[in-house]
Amino acid sequence: KRGIMVKVYLLPADEGDFIWVRYGNDKNFANILIDGGTKDSGAEYADVIQFIVDQEETIEALILTHIDYDHIQGVVDGIGRVSTGVLKKAVKRILFNTCRGISREQGQAVDENKCVENQIKGDTFTGAYGIGDAIALMDLLREKDVADRVMDYIVSGMEMIWDKDALIRIISPGKKELNQFLNKWEPYCKGEDVSVYTTNLESTRENLTDLMKERLGNDPSVNNAASIAFLFEYEDVSIAFLADAKPSVCIQGLKELKIKLPREVDVLKLSHHGSKSNTSDALLKNLKTKIYMLSTNGNKQKVPNKAVMAHLLKNTPKHEITLACNYDWWETTYQGKYFTDKDRETYIDGNKLKLFLLDENGFQVKDGLYIYGEW
């Protein structure tokens, strides 16, 4: 259809995720915000919400995929900066799995002292520059008068139709993952467990072709397993947003939705910043694409695992993929020696592995679908 457009902004958010989806036509867009990066992204998160209101548009959902600091701190900080009036005007719903919601749906008693949502604290902004006291996330949402818009139990198998008939199909987490999270979540502000990244230095010395044989891992984090991952489908556009979800959970969710596999998508946002423990051959065979989004600056040892790059190539026809990134981590990590000479000769120079650093000009996936790194 003429004028139909989807713009995905994979915004720089340090080692975290901050994604803004705008879909509609030139005259009227709907918006979705997925996570908000680290605390440093809070001001920009607030700016994006204000921009949307200034355009007289609405936000279909603020999606808080899971509680790890590099996804949620920017959201909490940003919400603290936005006025009640603006939030109420803009935000239709907030997707966020809370311990209260999981307990209620699974018929368990709620222990208020152990609710994760009470542990997540943000600052309220009392004026143009003044910061008030730290306040728990749900209290902050109550203060901003949007707590009634929280959908606090999001589980695989759910389907939602949002503005302009956009279809949202939840593929993670499952009930089991939410139950495990309820009983054993990890404090959200703790630095990530970096053990899954430590083999990267050795793997940079190996060639991509050889790494195709290496086994990928299994993420033990209950926070990541509880990530909200979903398919976004609008007109002829299909995108998989995987947060930090586990591949086995996503495959199970696709089956629950009775989605015929393998399923082709236009773009897939790689789980957990390209960690070796959050991608699998089975997932890549069942959710097929040639274009991947990758969000990380390579800090805090969150350098995309090279074995993941190898498996993306291995599972793609003619070994041709494009990585759309919001930082040039391959240049800034390991003194620019992430790829070997052989890798460059075989894959990069031959345009089989295209590394695209996103900016405000955007990358065209196909007619009507663009990815940006700035707005």
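Residues numbered from 1 in each chain as written. Predicted model: local features only at pLDDT ≥ 70, side-chain atom pairs only at ≥ 80, totals over all residues. Heavy atoms only, no water.

## Focus: the overall build of the protein chain
A count of helices and strands for the protein chain gives 15 helices and 20 strands. In terms of principal-axis extent, the alpha carbons of the protein chain reach across some 55 × 50 × 45 Å. Within the protein chain, the proportion of its 375 residues that are buried is 60%. Long-range pairs, those at least 24 residues apart, make up 73% of the contacts in the protein chain with a sequence separation of at least 6. Taken as a whole, the protein chain presents about 15300 Å² of accessible surface, with 46% of it coming from carbon and sulfur. Positive and negative side-chain charges of the protein chain, numbering 48 and 57 respectively, have mean locations separated by a distance of 5 Å. (Helix = DSSP H or I, 4+ residues; strand = E, 2+ residues; numbered from the N terminus. Buried < 20%, exposed > 50% of the residue type's maximum accessible area, 1.4 Å probe, protein only. Contact = heavy atoms within 4.5 Å. Areas by Shrake-Rupley, 256 points an atom, 1.4 Å probe, with all protein chains shown as cover. Lys, Arg positive; Asp, Glu negative; His and termini not counted. Charge placed at Lys NZ, Arg CZ, Asp CG, Glu CD.)

## Considerations on the packing of helix H1 (residues 42–54) against helix H2 (residues 69–81)
Here H1 crosses H2 at 55°, and the two axes come no closer than 7 Å. The angle between the axes of H1 and H2 places the two elements in the oblique class. Viewed along their axes, H1 and H2 form a crossing whose handedness is right-handed. Across the interface between the two elements, Gly-42, Ala-43, Tyr-45 and Ala-46 of H1 pack against Gly-74, Val-75, Asp-77, Gly-78, Ile-79 and Arg-81 of H2. Looking at side-chain class alone, the contact of H1 with H2 contains five nonpolar, three polar and two charged residues. (Axes fitted to C-alpha atoms, helices over the stretch in contact; angles between N-to-C directions. Parallel < 35°, antiparallel > 145°, perpendicular 65-115°, else oblique. Left-handed = near helix turned anticlockwise from the far one by under 90°. Nonpolar A, V, L, I, M, F, W, Y, C, P; charged D, E, K, R; others polar.)

## Considering the nonpolar core
Leu-62 and Ile-94 are the most contacted members of the largest nonpolar core, which has 47 residues in total. Elements represented by at least two residues in this core include exactly H1, strand E4 (58–63), H2, helix H3 (84–90), helix H4 (99–105), helix H6 (137–143) and helix H7 (175–184). Per-element tally for this core: the top contributor is H1, with six residues. Those residues in contact with Ile-94, other than ones at most four positions away along the chain, are Leu-62, Leu-64, Leu-141, Val-146, Arg-149, Val-150 and Met-151. In this structure, Leu-208, Val-308, Phe-339 and Leu-353 belong to the second largest nonpolar core, which totals 40 residues. (Core = buried A, V, L, I, M, F, W, Y, C linked by side-chain atoms within 4.5 Å.)

## Let's talk about the pattern of salt bridges
A complete count under the given rule lists 23 salt bridges for this structure. When the shortest N-O distance is used, the salt bridge between Glu-117 and Arg-100 registers 3.0 Å. A residue pair is termed long-range when its members are at least 10 positions apart, and Glu-117 in helix H5 (residues 116–119) and Arg-100 in helix H4 qualify at 17 residues. Of the residues examined, Glu-117 reaches a relative accessible area of 0% and is grouped as buried. (Salt bridge = Lys/Arg side-chain N within 4 Å of Asp/Glu carboxyl O.)

## Topic: unusual backbone geometry
Omega for the peptide link from Ser-172 to Pro-173 comes to 0°, which places this bond in the cis form. Among the secondary structure elements, Pro-173 is positioned in the loop between strand E10 (166–172) and H7. In this structure, the amide linkage connecting Leu-261 to the following residue, Pro-262, adopts the cis form with an omega of 0°. Notably, Lys-258 is not glycine yet its phi reads approximately 60°, a positive angle.

## A closer look at the sheet that holds strand E8 (residues 150–151)
A sheet is described by the order of its strands in space; here eight strands give the open sequence E8-E5-E4-E3-E2-E1-E20-E19, paired in mixed fashion. Edge positions in the sheet fall to E8 and strand E19 (363–366), since each of these pairs with one other strand and no more. In this sheet, strand E20 (residues 369–372) lies alongside strand E1 (residues 5–10) in parallel orientation, the contact comprising four bridges. Considered in E20, the bridge of Val-8 is made with Ile-371. (Pairing = 2+ DSSP bridges.)

## Points about the sheet that holds E10
The eight strands lie next to each other as E9-E10-E11-E12-E14-E16-E17-E18, forming an open sheet whose pairing is mixed. In this open sheet, the two strands that pair with only one neighbour each are strand E9 (159–162) and strand E18 (353–357). Direction aside, the axes of adjacent strands within the sheet are offset by 20° on average. Helix H11 (residues 247–256) contacts E10 and strand E11 (229–234) of the sheet and is inclined by roughly 130° relative to E10.

## Considering H7
Of all the positions in H7, only Glu-177, Leu-178, Phe-181 and Leu-182 are classed as buried. The arc that holds the buried residues of H7, viewed along the axis, is 140°, so those residues lie on one side. Facing away from the buried side of H7 by over 90 degrees, the exposed positions are Lys-175, Lys-176, Asn-183 and Lys-184. Those residues of H7 that are buried are in contact with H4, H5, helix H10 (222–225) and H11. (Arc of directions from axis to C-beta.)

## A closer look at the side chain of Thr-38
With respect to the secondary-structure elements, Thr-38 resides in the loop between strand E3 (28–34) and H1. If sequence neighbours within four positions are ignored, Thr-38 has contacts with Ala-13, Asp-14, Glu-15, Tyr-69, Asp-70, Gln-73 and Gly-74.

## Some thoughts on the confidence of the model for the protein chain
For the protein chain, the average pLDDT comes to 93, and 95% of its residues sit at 70 or higher. Segment residues 192–198 is flagged for pLDDT under 50; beyond a separation of four residues in sequence, or across chains, it makes 19 contacts in the model. (pLDDT = per-residue confidence, 0-100.)

## Description of H11
Buried within H11 are the following residues: Pro-247, Val-249, Cys-250, Ile-251, Gly-253 and Leu-254. A positive backbone phi angle near 60° is found at Lys-258, which sits one or two residues after H11.

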